[in-house]
Structures are given as C-alpha cells and as structure tokens.
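What follows is the residue order along each chain.
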Amino acid sequence: SLAVFLRDVDYSIQFYATGAFIDATKEVELNRVYWVSAPLITALPYWFRLQQCIRRFYDAGSGNPQRTAHLLNAGKYATSI
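Residues numbered from 1 in each chain as written. Predicted model: local features only at pLDDT ≥ 70, side-chain atom pairs only at ≥ 80, totals over all residues. Heavy atoms only, no water.

A. View of the packing of helix H2 (residues 27–60) against helix H3 (residues 66–80). The N-to-C vectors of H2 and H3 enclose an angle of 160 degrees; their axes lie 8 Å apart at closest approach. On the basis of the axis angle, H2 is roughly antiparallel to H3. For H2 against H3, the interelement crossing comes out left-handed. Contacts between H2 and H3 pair Tyr46, Arg49, Leu50, Cys53, Ile54, Arg56, Phe57, Tyr58 and Ala60 from the former with Arg67, His70, Leu71, Asn73, Ala74, Tyr77, Ala78 and Ser80 from the latter. Of the residues belonging to the contact of H2 with H3, the class tally is eleven nonpolar, three polar and three charged. (Axes fitted to C-alpha atoms, helices over the stretch in contact; angles between N-to-C directions. Helix = DSSP H or I, 4+ residues; strand = E, 2+ residues; numbered from the N terminus. Parallel < 35°, antiparallel > 145°, perpendicular 65-115°, else oblique. Left-handed = near helix turned anticlockwise from the far one by under 90°. Contact = heavy atoms within 4.5 Å. Nonpolar A, V, L, I, M, F, W, Y, C, P; charged D, E, K, R; others polar.)

B. Region of the structure containing H3. Between the first and last C-alpha of H3 there are 21 Å, a value that for 15 residues agrees with the 21 Å anticipated at 1.5 Å per step. Taken residue by residue, H3 has His70, Asn73, Ala74 and Tyr77 as its buried positions. In an axial view of H3, the angular spread of the buried residues amounts to 105 degrees, which keeps them on one side of the axis. Exposed and oriented more than 90 degrees from the buried face of H3 are Thr68, Leu72 and Thr79. Each element contacted by the buried residues of H3 is listed here: H2. (Expected span 1.5 Å × (residues − 1). Buried < 20%, exposed > 50% of the residue type's maximum accessible area, 1.4 Å probe, protein only. Arc of directions from axis to C-beta.)

C. Up close: the packing of aromatic side chains. In the structure shown here, the tally under the stated rule is seven aromatic pairs. Seen from their ring centres, Tyr16 and Phe21 are 5.0 Å apart, and the 55 degrees between their planes marks the pair as tilted. Here Tyr16 falls in the exposed class, since its relative accessible area comes to 53%. Each ring, one from Tyr34 and one from Trp35, has its centre 5.5 Å from the other, and the planes form 65 degrees; the classification is edge-to-face. Residue Tyr34 is classed as buried on the basis of its relative accessible area, which comes to 12%. The exposed category is assigned to Trp35, whose relative accessible area is 61%. In textbook terms, an aromatic cluster arises when at least three aromatic residues are bridged by ring pairs, as seen for Tyr11, Phe15, Tyr16, Phe21, Tyr34 and Trp35. Directly above the aromatic system of Phe57 lies the positively charged group of Arg67, at a separation of 4.1 Å from the ring centroid. (Phe/Tyr/Trp six-rings, centres within 6.5 Å; stacked < 30°, edge-to-face > 60°. Lys NZ or Arg CZ within 6 Å of the ring centre and 35° of its normal.)

D. The arrangement of the packing of helix H1 (residues 2–17) against H2 in detail. With their axes 9 Å apart at the nearest point, H1 and H2 run at an angle of 150 degrees to one another. With respect to each other, H1 and H2 are oriented roughly antiparallel. The chirality of how H1 crosses H2 is right-handed. Contacts between H1 and H2 involve Leu2, Ala3, Leu6, Arg7, Asp10, Tyr11, Gln14 and Phe15 from the first element and Glu27, Leu30, Val33, Tyr34, Ser37, Ala38, Ile41, Thr42 and Pro45 from the second. Per-class residue counts for the contact of H1 with H2 are eleven nonpolar, three polar and three charged.

Shown next as structure tokens:
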C-alpha cells in the first residue's frame, strides 16, 4: 500500500539525515523522530481519500443515489485515520 511505501521513504531519509548509518548511537534519535512522523505519514493517503469522498458527495448533488455511498465511504476513511 502507499502508506507502507511512504513510511519506508520517511525512515530512509531520516536514517541518512540523522547519521544513524555512520554512528549506531544516533539510532536512538532516529527512533524518537520516526515514532512521531510515522503515524502522520501513514495517515496521509487516508486523508486524501477522505477528501476525495467528501468532494464526490457534494458533487453528486441532491437526489443522486450514489451520494449515500460516497458519504459511507468517507466515514470508512475517517475511521482509518
């Protein structure tokens, strides 16, 4: 999934940015930063999808049978965050 890919990219960037690849003692700093950034980055794809579902809900207009489906789908992504 996209969330796993983004977390891996985040970890790789932080691994080299903190210098943990040179000095193993810096891995503590890396882990402290990663446990803050990982949940935020993991939520990004779900946030974008939630926004897309809400937009489709409003664009569907009143009386459209797909409107309920878009709202339920938005609820699914909101609970994923």
